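Summary of the model geometry
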Amino acid sequence: MSMTCNKILYHGATAEVSEPLISVGRKDLDFGQGFYLTNDRQQAIDWSITKASRKKGVKSIVNVYEFDTDRFIAADNYRILVFPGYTKEWLDFISQSRKGLCPWKKYDWIEGGIANDRVIATVDAYIDGFITPEMAMDRLINEKLHHQICILNQEIIDRYLKYVESFEAEVK
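1. Brief notes about the packing of aromatic side chains
The full count for this structure, using the stated rule, is 14 aromatic pairs. Summarising the aromatic geometry, the rings of F31 and F83 are spaced 5.9 Å apart at their centres and angled 20° between planes, so their arrangement reads as stacked. Placement of the pair is F31 in the loop between β1 (8-13) and β2 (35-37) and F83 in the loop between β4 (80-82) and α3 (88-98), with a sequence separation of 52 residues. Take F31: its relative accessible area is 0%, and that puts it in the buried class. Measuring from ring centre to ring centre gives 5.5 Å for F72 and Y160, while their planes differ by 70°; the resulting arrangement is edge-to-face. Here F72 is found in helix α2 (residues 69-75), whereas its partner Y160 is found in helix α6 (residues 154-160), with 88 residues between them in sequence. The pair formed by F72 and Y160 is uniform in burial state, with each residue classed as buried.

The following block contains the structure:
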């Protein structure tokens, strides 16, 4: 099981988030109710712009954090789940989450691909029984993996995640 080694992580939002809370997120997201981050700066910028475009007069803000990966890994007492790509296991996990079955409740950290606009149609077709797992995997195999981390344990945020700065993302 390999997790991200990036020490800099990003959170795309519409506000500065200097003190992240896991309890603020929605429960029906890919990896459950937690604080979502990515190691991909551009992805965080794009997401913040998408979020801001949904409401008038809202800014797109990217929050930057340092994550103490070495201390976190050394702690070795957290339940970590990593999906290396769009796999059948990932597909089943996302499907269970979207159905409200909360498979994420037994984890502290989940990392893997995002069920974004490019892949959600496939996930939905699989959930609704219109396509088989094999058909879904055939569709997902060529999709670019968009990275996300969901921290589901507030202690991890409090101990290992340090807010660095926020900046406004510019719409191109």
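Once you've had a look at it, read on.
2. Brief notes about the environment of T14
The topology assignment puts T14 in the loop between β1 and β2. With residues near it in sequence (within four places) discarded, T14 still touches K51, A52, V58, K59 and I61.

3. Concerning the sheet that holds strand β7 (residues 161-168)
Across the sheet, which stays open at both edges, the three strands sit in the order β1-β3-β7 with antiparallel pairing between neighbours. Edge positions in the open sheet fall to β1 and β7, since each of these has one partner strand only. For this sheet, the mean inter-axis angle between neighbouring strands, taken without regard to orientation, is 25°. Here strand β3 (residues 61-67) pairs with β7 via seven bridges, running antiparallel. In the strand pairing of β7, V64 is matched with E165.

4. With respect to the nonpolar core
Generally speaking, soluble globular proteins have nonpolar side chains that are buried together. Among the nonpolar cores identified, the biggest contains 24 residues, and F31, W90, L91, F93 and I110 are the most heavily contacted of them. Of all the secondary-structure elements, those providing two or more residues to this core are α3, α4 (120-127) and α5 (133-140). Sequence-distant contacts of W90, that is, excluding residues within four places in its chain, are made with F31, F83, G85, G113, I114, A115, V119, V123 and L140. One finds I22, Y65, I149 and I156 within the second-largest nonpolar core, a separate group that totals 17 residues.

Basis of the calculations
Residues numbered from 1 in each chain as written. Predicted model: local features only at pLDDT ≥ 70, side-chain atom pairs only at ≥ 80, totals over all residues. Heavy atoms only, no water. Phe/Tyr/Trp six-rings, centres within 6.5 Å; stacked < 30°, edge-to-face > 60°. Helix = DSSP H or I, 4+ residues; strand = E, 2+ residues; numbered from the N terminus. Buried < 20%, exposed > 50% of the residue type's maximum accessible area, 1.4 Å probe, protein only. Contact = heavy atoms within 4.5 Å. Pairing = 2+ DSSP bridges. Axes fitted to C-alpha atoms, helices over the stretch in contact; angles between N-to-C directions. Core = buried A, V, L, I, M, F, W, Y, C linked by side-chain atoms within 4.5 Å.

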